[in-house]
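Fold and geometry: a report
The residues making up each chain are set out below.
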Amino acid sequence: GDSVTQMEGPVTLSEEAFLTINCTYTATGYPSLFWYVQYPGEGLQLLLKATKADDKGSNKGFEATYRKETTSFHLEKGSVQVSDSAVYFCALSKAGSARQLTFGSGTQLTVLP
Amino acid sequence: GAGVSQSPSNKVTEKGKDVELRCDPISGHTALYWYRQSLGQGLEFLIYFQGNSAPDKSGLPSDRFSAERTGGSVSTLTIQRTQQEDSAVYLCASSTDRGSQETQYFGPGTRLLVL
């Protein structure tokens, strides 16, 4: 079945450091790919998405590129802020009867001032 | 406009009791999803509604779990004879139903604790 594997956490960085959170997927066909973020005490929010190969999703300084050849969708940000501290989830969705999101295990990011 | 709302926000119940969790999707969203977030299992899909019908119920973990949606809007997830392993945060999401690329918007969740 479909699956998403993401970098184990927790990740701790200093403010202004470069961030990469790795995400790879296994799926037949052509899934859409998402990054969701969960800030402390809040619900899941969409951070960015890409719906076809070579698409780049971007939002709030975060970027991820849909790489079909490596089945990856790594999340990057050039300079993290304390306010980026949250749990980040990579997910995929496929066309079909259910269209549910299949999530990775989540990566806890803590940014220190 | 208003986002997805869920009630109650927290629920504590005794093992063996039944619980009902409610979800109000974003107005106009025809697709509705239930997920469960627990420490041991991460985020798991439970069920998807397309309008009032549920094409896929395979994610429901046991026959103690059921869900319905009426009027193409509000949905209720019912857990009968709750067990301690049912303790989790139950999340509801909604989206337009134009395809798998559509963004799912999540509610704040119901935190269920079974004693």
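This text goes with the structure placed above it.
Every value quoted in this text rests on a predicted model; they were computed, and no experiment measured them.

**Remarks on the overall build of chain B**
The number of helices and strands found in chain B is zero helices and eleven strands. Reading chain B from its N terminus to its C terminus gives the helix and strand order β-β-β-β-β-β-β-β-β-β-β. At 13 Å, chain B has a C-alpha radius of gyration in line with the 13 Å of a compact globule built from 115 residues. Projected onto its principal axes, the C-alpha coordinates of chain B cover approximately 40 × 30 × 25 Å. Burial analysis of chain B (115 residues in total) assigns 50% to the buried set. Residue pairs in contact within chain B that sit at least 24 positions apart in sequence constitute 54% of those at least 6 positions apart.

**Quick word on the state of the cysteines**
All names here are of chain B. Counting across every chain of the model gives two disulfides over all chains. Here Cys 23 is linked by a disulfide to Cys 92, with a sulfur-sulfur distance of 1.9 Å. Its S-S torsion of about -65 degrees marks the bond between Cys 23 and Cys 92 as left-handed, since a negative value means left-handed. Within this pair, whereas Cys 23 is found in strand 3 (residues 19-24), its partner Cys 92 is found in strand 9 (residues 88-95), the two being separated by 69 residues in sequence.

**Considering the nonpolar core**
If you look at the biggest cluster of nonpolar residues, it comprises 26 residues, and the most contacted ones within it are Trp 35, Leu 47, Leu 48, Phe 73, Leu 75 and Tyr 88 of chain A. When residues of this core are traced back to their parent elements, those giving at least two are strand 2 (11-14), strand 3 (19-21), strand 4 (23-26), strand 5 (32-38), strand 6 (44-50), strand 8 (62-65), strand 10 (86-93) and strand 12 (107-112) of chain A. Element by element, the count of residues in this core is highest for strand 10 of chain A, at four residues. In this structure, Val 19, Trp 34, Phe 65 and Cys 92 of chain B belong to the second largest nonpolar core, which totals 21 residues.

**Comments concerning the environment of Arg 98 of chain B**
Residue and element names in this part refer to chain B. Note that Arg 98 resides in the loop between strand 9 and strand 10 (105-106). Taking relative accessible area as the criterion, Arg 98 reaches 62% and is therefore assigned exposed. When the C-alpha atoms of Arg 98 and Arg 111 are compared, they prove to be 30 Å apart, with 13 residues separating the residues in sequence.

**Some remarks on the sheet that holds strand 8 of chain A**
All names here are of chain A. Ordered by their spatial adjacency, four strands build an open sheet running 3-9-8-7, and the pairing between neighbours is antiparallel. Whereas interior strands pair on both sides, the edge strands pair on one side only; in this sheet they are strand 3 and strand 7 (56-59). Neighbouring strand axes in the sheet, compared pairwise and without regard to direction, differ in orientation by 15 degrees on average. Examined bridge by bridge, strand 8 and strand 9 (residues 75-77) share three bridges and lie antiparallel to one another. Residue Glu 63 lies in a different strand from strand 9, and its bridge partner there is Glu 76.

**Some words on the environment of Leu 13 of chain A**
Residues and elements named next belong to chain A. Among the secondary structure elements, Leu 13 is positioned in strand 2. According to the relative accessible area criterion, Leu 13 is buried, its value standing at 18%. The spatial distance from the C-alpha of Leu 13 to the C-alpha of Val 80 is 8.0 Å, given a sequence separation of 67 residues. Those residues in contact with Leu 13 that sit more than four places away from it in its chain are Phe 18, Leu 19, Val 80, Leu 109, Thr 110, Val 111 and Leu 112.

**Here we look at the interface of chain B and chain A**
In this complex, chain B contributes 20 residues to the contact, which on the side of chain A involves 19 residues. Interface of chain B and chain A: buried area, both sides summed, is about 1600 Å²; carbon and sulfur atoms make up 55% of it. Summed over the shared surface of chain B and chain A, the result is zero salt bridges. Between chain B and chain A we count four residue pairs in polar contact (both at pLDDT 80 or more) in total. Of all the secondary structure elements, the ones that give two or more residues to the side of chain B that touches chain A are strand 4 (31-38), strand 5 (42-50) and strand 6 (53-56) of chain B. The element best represented in the side of chain B that touches chain A is strand 5 of chain B, accounting for four residues. Classifying every residue of the side of chain B that touches chain A by side-chain character gives eight nonpolar, eight polar and four charged.

About the criteria used
Residues numbered from 1 in each chain as written. Chains lettered and ligands numbered in written order. Predicted model: local features only at pLDDT ≥ 70, side-chain atom pairs only at ≥ 80, totals over all residues. Heavy atoms only, no water. Helix = DSSP H or I, 4+ residues; strand = E, 2+ residues; numbered from the N terminus. Rg over C-alpha atoms; globule rule 2.2 N^0.38 Å. Buried < 20%, exposed > 50% of the residue type's maximum accessible area, 1.4 Å probe, protein only. Contact = heavy atoms within 4.5 Å. Disulfide = S-S within 2.5 Å. Core = buried A, V, L, I, M, F, W, Y, C linked by side-chain atoms within 4.5 Å. Pairing = 2+ DSSP bridges. Axes fitted to C-alpha atoms, helices over the stretch in contact; angles between N-to-C directions. Buried area = accessible area lost by both parts, 1.4 Å probe. Salt bridge = Lys/Arg side-chain N within 4 Å of Asp/Glu carboxyl O. Polar contact = N/O pair within 3.5 Å; in protein donor to acceptor, adjacent residues only side chain to side chain. Nonpolar A, V, L, I, M, F, W, Y, C, P; charged D, E, K, R; others polar.

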